[in-house]
Amino acid sequence: MSDLSNRIALVTGASRGIGLAIATALQDAGAHVVRLARSLEPNRIDRRTDIPCDLLVPSDVDKAVTQLLTEPGVPDIVVNCAGVFLLKPVAETTVEEFQQQLAVNLTGPFLILRVLLPHLIRKDSAHIVNIGSIADNVAYAGNAAYAASKFGLRGLHEVIRRELSGTDVRLTLISPGPTDTELWDSLETAGRDDVVDRSDMMIAEDVAHAVLFAVTRPARVNVDLIRLGPAG
């Protein structure tokens, strides 16, 4: 089953990359998709609402969620996808870089969920999808700041899952391996032994299909975790 007609889906980081692919897949499946991203312009078209929002600013998040709850309404699906990526050894990582990774990848989802959770619990059903990473369960050298944020997101996800036990809110953590998006544009990957070449990576639509699979299962089914990576 893949029909999401009459469902409202919120996707953060939805202006590009994996977030955009997820938003497109959910809209194609019939959902009204609310896209949140700092770079978006306010817009409303058929089955899509764009809301500019800086996830690093709590007041921005509160304003965006208030707008969402007013129109189109409480979401049935929430996908936390906004993220940044950094490849640097600990000794070369600045405090500002470390804090940015935590702010976008961990604090952002926290700010979204702390405001929305009371509304989601009151719905007949709802689904939260957090986009993690292979780095939320495997430690890689040169990945300190990013891994800290993604391990933290996995911890936050598991705590919320425990807190919502007995409610009609389902939670899925999707942990993709290397995926070819714009996040790699500023990084040199050719010839590195510790990074998959971009031509061998997954594409954003692969992750989007995993999200669509999770949120279209029957109400009796919860997909706790999806880990996916490049073949080979």
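Here goes a summary of the coordinates provided. Here the structure is a predicted model, which means the values were calculated and not measured. (Residues numbered from 1 in each chain as written. Predicted model: local features only at pLDDT ≥ 70, side-chain atom pairs only at ≥ 80, totals over all residues. Heavy atoms only, no water.)

**Description of the overall build of the protein chain**
Item 1. On a plain count of helices and strands, the protein chain comes out with 5 helices and 10 strands.
Item 2. For 232 residues, the compact-globule estimate of 2.2 N^0.38 gives 17 Å, and the C-alpha radius of gyration of the protein chain, at 17 Å, lies within 12% of that figure.
Item 3. The principal-axis extents of the C-alpha atoms in the protein chain amount to approximately 50 × 40 × 35 Å.
Item 4. For the protein chain, restricting intrachain contacts to residue pairs at least 6 apart in sequence, the fraction spanning at least 24 positions comes to 65%.
Item 5. Summing over all exposed atoms, the protein chain offers an accessible surface of approximately 11,200 Å²; the carbon and sulfur share of this is 51%. (Helix = DSSP H or I, 4+ residues; strand = E, 2+ residues; numbered from the N terminus. Rg over C-alpha atoms; globule rule 2.2 N^0.38 Å. Contact = heavy atoms within 4.5 Å. Areas by Shrake-Rupley, 256 points an atom, 1.4 Å probe, with all protein chains shown as cover.)

**Things to note about the packing of helix H1 (residues 17-28) against helix H5 (residues 204-215)**
Item 1. Between H1 and H5, whose axes approach to 8 Å, the crossing angle comes to 45°. Here H5 runs oblique to H1, going by the angle between their axes. Of the two elements, H1 crosses H5, and the hand of that crossing is right-handed. Judged by residue contacts, Gly17, Ile18, Ala21, Ile22, Ala25 and Leu26 of H1 engage Ala204, Glu205, Val207, Ala208, Val211, Leu212 and Val215 from H5. (Axes fitted to C-alpha atoms, helices over the stretch in contact; angles between N-to-C directions. Parallel < 35°, antiparallel > 145°, perpendicular 65-115°, else oblique. Left-handed = near helix turned anticlockwise from the far one by under 90°.)

**Describing the packing of helix H2 (residues 58-70) against helix H3 (residues 95-121)**
Item 1. Where H2 contacts H3, the two axes come as close as 9 Å, and the packing angle between them is 30°. H2 and H3 meet at a crossing whose hand is right-handed. Every residue of H3 that contacts H2 at Pro58, Val61, Asp62, Val65, Leu68 and Leu69 is listed here: Leu111, Ile112, Val115, Leu116 and His119.
Item 2. Taken together, the residues that form the contact of H2 with H3 break down as 9 nonpolar, 1 polar and 1 charged. (Nonpolar A, V, L, I, M, F, W, Y, C, P; charged D, E, K, R; others polar.)

**Describing the pattern of salt bridges**
Item 1. Applying the stated criterion to the full structure yields 8 salt bridges.
Item 2. Across the salt bridge formed by glutamate 71 and arginine 44, the nearest N and O atoms sit 3.1 Å from each other. One end of the pair, glutamate 71, is in the loop between H2 and strand S5 (77-80); the other, arginine 44, is in strand S3 (residues 43-45), with 27 residues separating them in the sequence.
Item 3. In this structure arginine 44 comes out as partly exposed when scored by relative accessible area, which is 43%.
Item 4. Three or more residues joined by partner-sharing salt bridges are found here, namely Arg35, Arg48 and Asp50. (Salt bridge = Lys/Arg side-chain N within 4 Å of Asp/Glu carboxyl O. Buried < 20%, exposed > 50% of the residue type's maximum accessible area, 1.4 Å probe, protein only.)

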